[in-house]
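Architecture and fold: a report
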Amino acid sequence: MTLTEIMQTLPYGPAPEAAKPALDWIKAHKARFQLFIAGRWRAPASREWFATINPANGQKLAEVALADATDVDKAVKAARKAFTDWSQTKGHVRARYLYAIARQIQKHARLFTVLETLDNGKPIRETRDIDIPLVARHFYYHAGWAQLMESELAGYAPLGVVGQIIPWNFPLLMLAWKVAPALAMGNTVVLKPAEYTPLTALLFAEICQNIGLPPGVVNIITGDGKTGAALVEHPGVDKIAFTGSTEVGRIIRKATAGSGKKLSLELGGKSPFVVFEDADLDSAVEGVVDAIWFNQGQVCCAGSRLLVQEGIAEKMYAKLRARMEKLRVGDPLDKAVDLGAIIAPAQLEKIQQLVQKGVEEGAKLWQPSWAVPAEGCFYPPTLFTEVAPASTIAQEEIFGPVLAALTFRTPEEAVRLANNTRYGLAASIWSEDINLALDVATQIKAGTVWINSTNLFDAASGFGGYRESGFGREGGREGLWEYVKKIEVHRTAQGQKPRARGLTARASAESLPPIDRTAKLFIGGKQVRPDSGYSKAVYTPDGRLVGEVGLGNRKDICNAVEAARGAFEGWRKTTAHNKAQVLYFLAENLSQRAEEFARRLSEQTGQDGGAEVEAALEALFTAAAWADKYEGLVHPTPLRNVTLAIPEPIGVMGILCPDDQPLLALAHLAGTALVMGNTLVVVPSPLAPLSATDFYQVLETSDVPAGTFNIVTGEREELALTLAEHDDVDAVWYAGPRAGWALVERASAGNMKRTWTLPPSGPLPDTQEVLRQATQVKNIWVPYGA
Ligand code: NAI
Ligand code: MG
């Protein structure tokens, strides 16, 4: 090539980062790594080892131990032993350890960077500028929460031993997202890295050793899916935190059902990248590069569906193709490379198959004119246009550098297409009209929405999914709740026992009118007969018949869910002020009938009904009060940017009420869920359903919109199962016997609905906990700059 030619084309020369520091580190360990348990390196009980490969050249980097159930048991026991002291360690001391970890990561940044790139195949530019700095940031940020826990999370305690299972796409970053908050809140950890990428976690273990972290606080066990499963099933684990495929997430949901283990799942996605015609197109094109070609598209929140407004679609595609032509795929250690290697041949094959499927289903494929390196695991950036919304490539997570483009005409259509997915992890919205962008942001069902930006992450912002993308948040204040529990687990609604005063109306049973009616069900704002036509007798604690209620079945639940779904959008959009008004008026109407309710309660429960009515009124007032006071946050993420953390309703909820204090429970649980914008299918306690059925009349005379509050009486377990299995129900709260917890949690795996299980009796959970369970946090990133 002549100098003139070079001046004309300005081709990049190779600019490789040296692999030597990482290779030396591996060599110093004789390319063989044991398990890190109780602060020491131990050979695996299994005596088995497996290789970890550099996907860019197929060469083996090292052998690592394959932990089996015995090893898992050792690690869990070590973590349990360490928990006693660690959980008692002052927040300030824990903060110092986390700070020391962060400092060490920065000091060894280059080694971590190169090692990560070798093991995973991602471009060095990304490990150097994104992964490793964010890892350090997570430890610094959570050092702060350790410091502040005693004041800011007063009344909360760590959970105990946490099992953490992470994927291969951001190996050290996912470790940081999990380990940092767990340690900050005083838990101890057993972490299993992904089998493709164990090395940086092992280097991290060395750092824990070097800073003198007490043995057993962090244990790292390498292995495969079986190792992960053994950790999930270990009875000594108090919580499982998982990031990975939805398929495995579902297995874990079922495996932990009924065990009482706390669970957070961060799963797959098919995130929309929405470009309106007034967007800055050149910025949007760069956005697409970051959305789908970052980390070769192996990103759970990758913007893999491009939704572009019809009028600018061709222009956008043309710019995109021009940009794609200039992307560089190759040696991940080369600092000028945009896309590195795909993690493994199996993943490459999966990508190829899905692309093939896209072609077969009629979408138009475009790839750059150049070829990817023949050796190693590479795939070119790929654009599909003319994609049908229901086609495989528009619905399935490809987890590769493949973008599926669809067009829309109106903002409403954009929202509809964006939400046309089982997932709900993230979304990106491009428009110069902030009104439009924020309006659309609130309508897209996703845990993170980036406006005129994409794939921004920070420790101060929560991250996690809606729908089948999982539940729980990582990062931000909201992420801390995943790693703590309330010290006195349950209290009554207002933190005190219902007082015996006021409207006591303990009428003797003899004076009550004879039974003259069977309570129906309350669906869509109307009293309706149960589909079965059957009813069920209700007795007093001493065995006298006091009434009959309808025996609801699957069909009734389906009708109630349909009514609740129909009412959801309208209720969600009702202002917080008006939602509060609805509850206050409901309370007012209840108080009008206080005596009647008090009598009914006394009769059903044998307790002071007057006090319970009082407490229920107070609970409705508390719920109403929170309507416009349960605030979100503005997270100070380190960019010119506001990150709005907004609590949003979850959607259609099933609530199976506890047996104690039936009216108070209804007011406290259902009232709070309703006022947060959810619509409800409530199943009263089968022991004391009559207060709920009497409540129909209160609902009818109030302003509670039809369909928002449905009540179905019947057998608790049967109705719970139907609700938990229903794909249009977004959450189920189940108060009942332990066997029912397992039933509900297992069945919830179908659409990954959120569940909350409570005992059938005893004091009710505290209001803050109910508010948190009734909402999910959406983080909306709004960058600014003229
Ligand atoms: P995976 O979900 O199988 O692996 C994630 C982690 O879970 C690994 O540490 C693995 O060892 C562990 N694991 C596997 N089976 C387990 C079980 N039964 N119990 C407990 N732990 C278990 O993901 P994999 O096989 O690496 O990739 C398959 C597909 O999953 C990818 O093609 C991609 O579509 C998706 N994926 C999504 C990720 C995300 O962040 N959303 C991350 C990784 C993969
Ligand atoms: Mg590897």
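What this report covers is the structure whose coordinates are included nearby. All figures in this text were calculated on a predicted structure; none of them were measured in a lab.

Their axes nearest at 9 Å, the elements helix α5 (residues 109–120) and helix α6 (residues 124–152) cross at an angle of 125 degrees. As the angle between them shows, α5 and α6 are arranged oblique. Remark: the crossing between α5 and α6 carries right-handed chirality. Listed contacts from α6 to Ala109, Phe112, Thr113, Val114, Glu116 and Thr117 of α5 are Ile124, Thr127, Arg128 and Ile132. Here the contact of α5 with α6 is built from residues that sort into 5 nonpolar, 3 polar and 2 charged.

Here the focus is the sheet that holds strand β33 (residues 775–783). The sheet built from 10 strands is open, its strands ordered β14-β15-β16-β13-β12-β17-β18-β33-β27-β26 with mixed pairing. Each edge of the sheet is formed by a strand with only one pairing partner; in this case those strands are β14 (364–366) and β26 (633–635). The sheet shows a mean angle of 20 degrees between the axes of neighbouring strands, direction not considered. In terms of strand pairing, strand β17 (residues 426–430) meets strand β18 (residues 448–451) through 4 bridges, oriented parallel. Paired with serine 428 across the strands is tryptophan 450, a residue of β18. Across the sheet, helix α16 (residues 434–443) lies against β17, β18, β27 (641–649) and β33, angled at about 155 degrees from β33, the strand it touches most.

What follows covers the pattern of salt bridges. Two side chains bearing opposite charge may form a pair once their charged atoms approach each other closely. The tally for this structure, following the rule as stated, stands at 35 salt bridges. Across the salt bridge formed by glutamate 150 and lysine 90, the nearest N and O atoms sit 3.9 Å from each other. Here glutamate 150 is found in helix α6, whereas its partner lysine 90 is found in the loop between α3 (69–86) and α4 (91–107), with 60 residues between them in sequence. One network of salt bridges, in which partners are shared, links Glu17, Arg110 and Lys335.

Let us look at the site of ligand 1. What surrounds ligand 1 is a group of 26 residues, the closest being Trp168, Glu195, Ser245, Gln347 and Lys350. Tryptophan 168 has a polar side-chain atom sitting 2.5 Å from an oxygen atom of ligand 1. One of the side-chain nitrogen or oxygen atoms of glutamate 397 is found 3.5 Å away from an oxygen atom of ligand 1. Bound to the protein, ligand 1 loses 86% of the 800 Å² it would expose on its own. Sorting the residues of the shell around ligand 1 by element identifies α9 (225–233), β10 (239–243), α10 (246–256) and α13 (345–360) as the ones contributing at least two each.

At 2.2 to 2.8 Å from the magnesium ion (ligand 2) lie its protein donor atoms, namely Thr52 (OG1), Ile53 (O), Asp119 (O), Asp119 (OD) and Tyr196 (O). Between consecutive donor residues of the magnesium ion (ligand 2), the sequence gaps follow T-I-x65-D-x76-Y. Of the two residues, threonine 52 sits in strand β4 (residues 49–54) while aspartate 119 sits in helix α5, which places them 67 residues apart along the sequence. With respect to burial, threonine 52 and aspartate 119 carry one shared label: buried.

The next thing to look at is α4. Along its 17 residues, α4 runs 24 Å from first to last C-alpha, staying within 8% of the 24 Å computed at 1.5 Å per residue. Taken residue by residue, α4 has Gly91, Arg94, Ala95, Leu98, Ile101, Ala102, Gln104 and Ile105 as its buried positions. Of the surrounding elements, those touching the buried residues of α4 are α3, α5, α6, α7 (171–184) and α8 (199–210).

Restricting attention to buried positions, one finds in α16 the residues Leu436, Ala437, Val440 and Ala441. Within α16, the buried residues cover an arc of 130 degrees as seen down the axis, which keeps them to one side. Residues of α16 that are buried sit in contact with α15 (411–418), β17, β18 and β33. Its side-chain oxygen placed 2.9 Å from the backbone nitrogen of asparagine 435, aspartate 433 serves as the N-cap of α16.

One open sheet accounts for 3 strands, arranged β1-β5-β4; its pairing is mixed. Single-partner strands in this sheet number two, and they are β1 (32–33) and β4. In terms of strand pairing, β1 meets strand β5 (residues 59–65) through 2 bridges, oriented parallel. When the bridges of β5 are listed, arginine 32 appears paired with glutamate 63. Across the face of the sheet, α5 comes into contact with β4 and β5 while running at roughly 100 degrees to β4.

Right, let's get into the packing of helix α19 (residues 576–592) against helix α21 (residues 609–627). Remark: α19 packs on α21, axes separated minimally by 8 Å, with the N-to-C direction vectors making an angle of 170 degrees. It follows that α19 is roughly antiparallel to α21 by the angle criterion. The segment α19 lies against α21, with Ala576, Ala580, Leu583, Tyr584, Leu586, Ala587, Leu590 and Ser591 engaging Ala616, Leu617, Leu620, Phe621, Ala623, Ala624, Ala625 and Ala627. For the contact of α19 with α21, the class distribution of residues is 15 nonpolar, 1 polar and no charged.

About the thresholds
Residues numbered from 1 in each chain as written. Chains lettered and ligands numbered in written order. Predicted model: local features only at pLDDT ≥ 70, side-chain atom pairs only at ≥ 80, totals over all residues. Heavy atoms only, no water. Axes fitted to C-alpha atoms, helices over the stretch in contact; angles between N-to-C directions. Helix = DSSP H or I, 4+ residues; strand = E, 2+ residues; numbered from the N terminus. Parallel < 35°, antiparallel > 145°, perpendicular 65-115°, else oblique. Left-handed = near helix turned anticlockwise from the far one by under 90°. Contact = heavy atoms within 4.5 Å. Nonpolar A, V, L, I, M, F, W, Y, C, P; charged D, E, K, R; others polar. Pairing = 2+ DSSP bridges. Salt bridge = Lys/Arg side-chain N within 4 Å of Asp/Glu carboxyl O. Near = heavy atom within 4 Å. Polar contact = N/O pair within 3.5 Å; in protein donor to acceptor, adjacent residues only side chain to side chain. Areas by Shrake-Rupley, 256 points an atom, 1.4 Å probe, with all protein chains shown as cover. Donors = N, O, S within 2.8 Å, 3.2 Å for Na, K, Ca; no water. Buried < 20%, exposed > 50% of the residue type's maximum accessible area, 1.4 Å probe, protein only. Expected span 1.5 Å × (residues − 1). Arc of directions from axis to C-beta.

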